[in-house]
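Each chain, letter by letter, is given below.
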Amino acid sequence: MSPTTNRAVNLEDLRRMARRRLPGPIYDLVAGGADDEVTRADNQRAFSDYRLATRAFSKGEGSPDTSVTLFGHRLSWPVMLAPTGAARVLHRDAELAVARAARSRETGYVHGVVSGHPLTQISAVEPDPLWLQLYLSSDRDEVAAVIQQATDCDVRALVVTVDLPVIGNRERDRRHGLTVPMRPTAKTVAQCVAHPRWGFDFLRGNLPQSSPLDGRSSPFSTQRQILRSAYPVRLEDLEFIRANWDGPLLVKGILNGEDCKVAVGAGADGVIVSNHGGRQLDRAPATLDALPAVVRAADERTVVLLDGGIRRGTDVLVALASGADAVLVGRPYLYGLAAGGQAGVERAIDILRMELERAMSLMGLADLDEVDPGCLIPRPRG
Ligand SMILES: Cc1cc2nc3c(=O)[nH]c(=O)nc-3n(C[C@H](O)[C@H](O)[C@H](O)COP(=O)(O)O)c2cc1C
């Protein structure tokens, strides 16, 4: 597939390219949220409630320094790729393409356990840093095995997702029959057949070319993984991980100060303010709105990250100025993947990074240490 993605000037262009390339139901699988999708839309909208202060005189020379340090590890910029479980329906190289793009663009990658590719294949690509997101279960042996794998594969941090006690009500998927287990409607099948380029690519990525699937899991076992991921996490589950994992531990899906304190009390080193991209509880707060309370509750040592709705370099700055140490993106790189595989993910990263650097220059910022609440001006409401 040719990297037409270079024609995309912003992330919205990449989304449109993905929309054209994918059958409607597959696009909806990524784009959709829960119920009325209020939270999904709010995530993006919340950023436009702020304006950014400019300083006429910069303290630095040349390009701004976008680096940040998390858990003693330097990242060349404060954006990481969030864990997502849909890559294999978007491009045949799925998470492998994502990990390769992360590596080539010096961007951190949080690989999710719901994935077509085993962790060993991903870690061989050496994204830096590589974190692993997992869902918990009451099966301690299973969780211990994942922790052991993470240790063997030089994973730097574990991310435990806690906002999926049950799978959210994603009505677009239910209408298309793209539920777990899958029962695609006749219309869904027809729409997929009408996209032969996508269909051919999907078959190449998901049919066994060799046995067993070059180490990849079958689409059916991915379905089983998704089913098993729904689990109401208890405090003792978190404490079990803490007792068995020496590296940094983050809890993903925190939306208030109290939960942040509880997670840190159970041994978490960081939290990710996230509502799963608006795919779980609709009417949960936008992550940017939830962030200040979490930042207030966190102590100095606790790393606070945010995801949800980041579509512009300026959004990254608003999140950092509101107290986040770094952010993650989900759909933007998935749209890049759908539009052009690894090259598409790289394009998504390049766009966001160029926007961040340009915005920092325009604001007179030499580095990210200068980003603080003083950079924000609430939008005057008329
Ligand atoms: C298609 C899709 C699949 C996802 N799968 C997972 C997952 O397996 N584990 C997880 O913790 N979060 C998952 N997420 C949530 C993302 O990690 C992240 O919180 C969200 O995408 C951020 O919002 P954004 O898409 O607006 O950037 C998924 C999101 C999408 C869109």
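Residues numbered from 1 in each chain as written. Predicted model: local features only at pLDDT ≥ 70, side-chain atom pairs only at ≥ 80, totals over all residues. Heavy atoms only, no water.

As annotated in an unreviewed UniProt entry, the protein is Alpha-hydroxy-acid oxidizing protein from Nocardioides eburneus. Per UniProt, the protein carries the Sequence similarities (unreviewed entry) text "Belongs to the FMN-dependent alpha-hydroxy acid dehydrogenase family." According to UniProt, the comment filed for the protein under the heading Cofactor (unreviewed entry) is "FMN". (UniProt positions renumbered as here; feature names shortened; annotations may be inferred.)

Caption draft 1: Region of interest: the site of the ligand. The ligand sits among 24 residues. The nearest are Pro83, Tyr135, Thr161, Asp307 and Gly330. Interatomic distance of 2.8 Å between a side-chain N/O atom of Asp307 and an oxygen atom of the ligand. Taken by itself the ligand offers 600 Å² of open surface, and the protein chains cover 97% of this. Those elements giving two or more residues to the shell around the ligand turn out to be helix H2 (24-31) and helix H15 (331-363). (Near = heavy atom within 4 Å. Polar contact = N/O pair within 3.5 Å; in protein donor to acceptor, adjacent residues only side chain to side chain. Areas by Shrake-Rupley, 256 points an atom, 1.4 Å probe, with all protein chains shown as cover. Helix = DSSP H or I, 4+ residues; strand = E, 2+ residues; numbered from the N terminus.)

Caption draft 2: Spotlight on the side chain of Thr39. In this structure, Thr39 sits in helix H3 (residues 38-45). Excluding its chain neighbours within four sequence positions, the residues that come into contact with Thr39 are Asn275, Gly278, Leu281, Asp282, Arg283, Ala284 and Pro285. (Contact = heavy atoms within 4.5 Å.)

Caption draft 3: Quick peek at the packing of aromatic side chains. As enumerated under the stated definition, the model contains three aromatic pairs in all. Look at Trp198 and Phe202: their rings are 5.2 Å apart centre to centre, the planes differ by 20°, and that puts the pair in the stacked class. Residue Trp198 and its partner Phe202 are located together in helix H9 (residues 196-206), separated by four residues, close to a single helical turn. For Phe202, a relative accessible area of 25% gives the class partly exposed. It is Arg140 that lies over the ring of Phe240; its NZ or CZ is 4.7 Å from the centre. (Phe/Tyr/Trp six-rings, centres within 6.5 Å; stacked < 30°, edge-to-face > 60°. Buried < 20%, exposed > 50% of the residue type's maximum accessible area, 1.4 Å probe, protein only. Lys NZ or Arg CZ within 6 Å of the ring centre and 35° of its normal.)

Caption draft 4: Seen up close, helix H6 (residues 140-152). End to end, H6 covers 18 Å across 13 residues, agreeing with the expected 18 Å (1.5 Å per residue, within 8%). Here H6 has its buried residues at Val143, Val146, Ile147 and Ala150. Burial along H6 is one-sided: seen end-on, the buried residues are contained in an arc of 100°. Exposed and facing more than 90 degrees away from the buried side of H6 are Asp141 and Asp152. (Expected span 1.5 Å × (residues − 1). Arc of directions from axis to C-beta.)

Caption draft 5: View of the pattern of salt bridges. Scanning all chains against the criterion turns up 21 salt bridges. Of the charged contacts, one joins Glu236 and Arg234 as a salt bridge, the two residues approaching to 3.5 Å between their closest N and O atoms. Exposure remark for Arg234: the relative accessible area of 37% places this residue in the partly exposed category. Here Arg353 ties to Glu357 by a salt bridge, and the two come within 3.6 Å at their closest N and O atoms. Of this pair, Arg353 and Glu357 both sit in helix H15, four residues apart, which is roughly one turn of the helix. (Salt bridge = Lys/Arg side-chain N within 4 Å of Asp/Glu carboxyl O.)

Caption draft 6: Just helix H4 (residues 94-104), in detail. Of all 11 residues that make up H4, eight are buried, and the element is covered over most of its length. Where H4 is concerned, the buried positions are Ala94, Glu95, Leu96, Ala97, Val98, Ala99, Ala101 and Ala102. Considering only its buried residues, H4 is in contact with strand E4 (79-81), strand E5 (108-112), helix H5 (119-125) and H15.

Caption draft 7: Summary view of unusual backbone geometry. The residue after Asp128, namely Pro129, is reached through a cis peptide bond having omega -5°. Looking at the secondary structure, you find Pro129 in the loop between H5 and strand E6 (130-134). The step from Val180 to Pro181 runs through a cis peptide bond, and the omega angle for that step is -5°. Among the secondary structure elements, Pro181 is positioned in the loop between helix H7 (171-176) and helix H8 (186-193). Its identity as a non-glycine residue notwithstanding, Glu126 has a phi of 60°, on the positive side. One can find Glu126 in the loop between H5 and E6. The phi angle at Asp154 is positive, at roughly 60°, despite the residue not being glycine. Within the secondary structure, Asp154 is located in the loop between H6 and strand E7 (157-161).

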